Amino acid sequence: MLINSIQHKHLIEIMKSFPLKQKYTKEDLLIKDLKLGAAGNVEMYYSPHNEYINSSAKVMLVGITPGWQQMEIAFRTAVQALKRQATYEAACQEAKVAARMAGVMRTNVIQMLQEIGLHQFLNVPNVEALFDPECMLLHTTSLIRYPILVKQQNYTGHQPAITQNNFLYEAVLGSFLPEWSQLDEPLVIPLGKSVEAVLRQLLEEKRIREKRILWGFPHPSGANGSRLKQFQQNKADMQHRLSNLHITAPAYEKQ
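What counts and what doesn't
- Residues numbered from 1 in each chain as written.
- Predicted model: local features only at pLDDT ≥ 70, side-chain atom pairs only at ≥ 80, totals over all residues.
- Heavy atoms only, no water.
- Axes fitted to C-alpha atoms, helices over the stretch in contact; angles between N-to-C directions.
- Helix = DSSP H or I, 4+ residues; strand = E, 2+ residues; numbered from the N terminus.
- Parallel < 35°, antiparallel > 145°, perpendicular 65-115°, else oblique.
- Contact = heavy atoms within 4.5 Å.
- Nonpolar A, V, L, I, M, F, W, Y, C, P; charged D, E, K, R; others polar.
- Phe/Tyr/Trp six-rings, centres within 6.5 Å; stacked < 30°, edge-to-face > 60°.
- Buried < 20%, exposed > 50% of the residue type's maximum accessible area, 1.4 Å probe, protein only.
- Lys NZ or Arg CZ within 6 Å of the ring centre and 35° of its normal.

Draft legend 1. Spotlight on the packing of helix H7 (residues 166-182) against helix H8 (residues 193-204). Across the interface, H7 lies against H8 with an axial gap of 12 Å and an inter-helix angle of 80°. In terms of orientation, H7 and H8 fall into the roughly perpendicular class. Residues Tyr169, Val172, Leu173, Phe176 and Leu177 of H7 pack against Val198, Leu199, Gln201 and Leu202 of H8. Taken together, the residues of the contact of H7 with H8 break down into 8 nonpolar, 1 polar and no charged.

Draft legend 2. The packing of aromatic side chains, seen in detail. According to the stated counting rule, one finds 6 aromatic pairs in the structure shown. Note on Phe18 and Tyr24: the rings are 5.9 Å apart at their centroids and 50° apart in plane angle, and the pair reads as tilted. Each member of the pair, Phe18 together with Tyr24, is buried. Considering the side-chain rings of Tyr46 and Tyr146, the 5.9 Å spacing of their centres and the 40° angle between planes classify their relative orientation as tilted. Within this pair, whereas Tyr46 is found in the loop between strand E2 (42-45) and strand E3 (59-63), its partner Tyr146 is found in the loop between strand E4 (138-142) and strand E5 (148-150), the two being separated by 100 residues in sequence. Overall, Tyr46 belongs to the buried group, its relative accessible area being 0%. Taking the relative accessible area as the measure of exposure, Tyr146 reaches 1% and is therefore buried. A connected cluster of aromatic rings, assembled from ring pairs, spans Phe18, Tyr24, Tyr46, Phe75 and Tyr146. Geometry around Trp215 places Arg200 over its ring, the cationic atom sitting 3.8 Å from the centre.

Structure below.
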């Protein structure tokens, strides 16, 4: 699902009307004016951070959908930027940098990517450098661009499964596929089995080409109890696949 220019103008005015806060609550953000759609108890809300797409990225991390924590950080950052008279595009970019893989997820994903040696193929000193605002090698995104909540709680990719729910699968087709097409054959790292299942269905339906997909990476959430086991089981295969991908990227120089 993509938002048209009229919707964007409306959403920008809503964000500009928000008071500055140290932290927003669900009562602040899960409101009718920010709801983009729903099917039963599955609801989709707008968030500004996934409006920015880094088309020059060499690596694309793909999650399921932004969670509440990402949504709140994104709004807080974007509202602050708009209050400073930043453009909508600049506000979205700031929100993207601040909210991507926020919290323990970022810590976990950096640690695992470091262990498989991703930084060595991207000419960066370490994986953490990819998250530097000035580094343009990384693009983080989700199968569903905007936050999905089920009964006002984070959607985890199950109950319902994306591939078994028309509302969710149409959201993938309407937002992820156009985004995928804007990048020039990056290394795609699906975060977890739920994301892999959707990508495999898209492959079967010939909606995407495999290009370079690093299968086997676990979802980095701290709530994923099998994360470490899955990572150790697939670590050697991921390292082997990386070594055969011949990733090329310019040397990273911090501005």
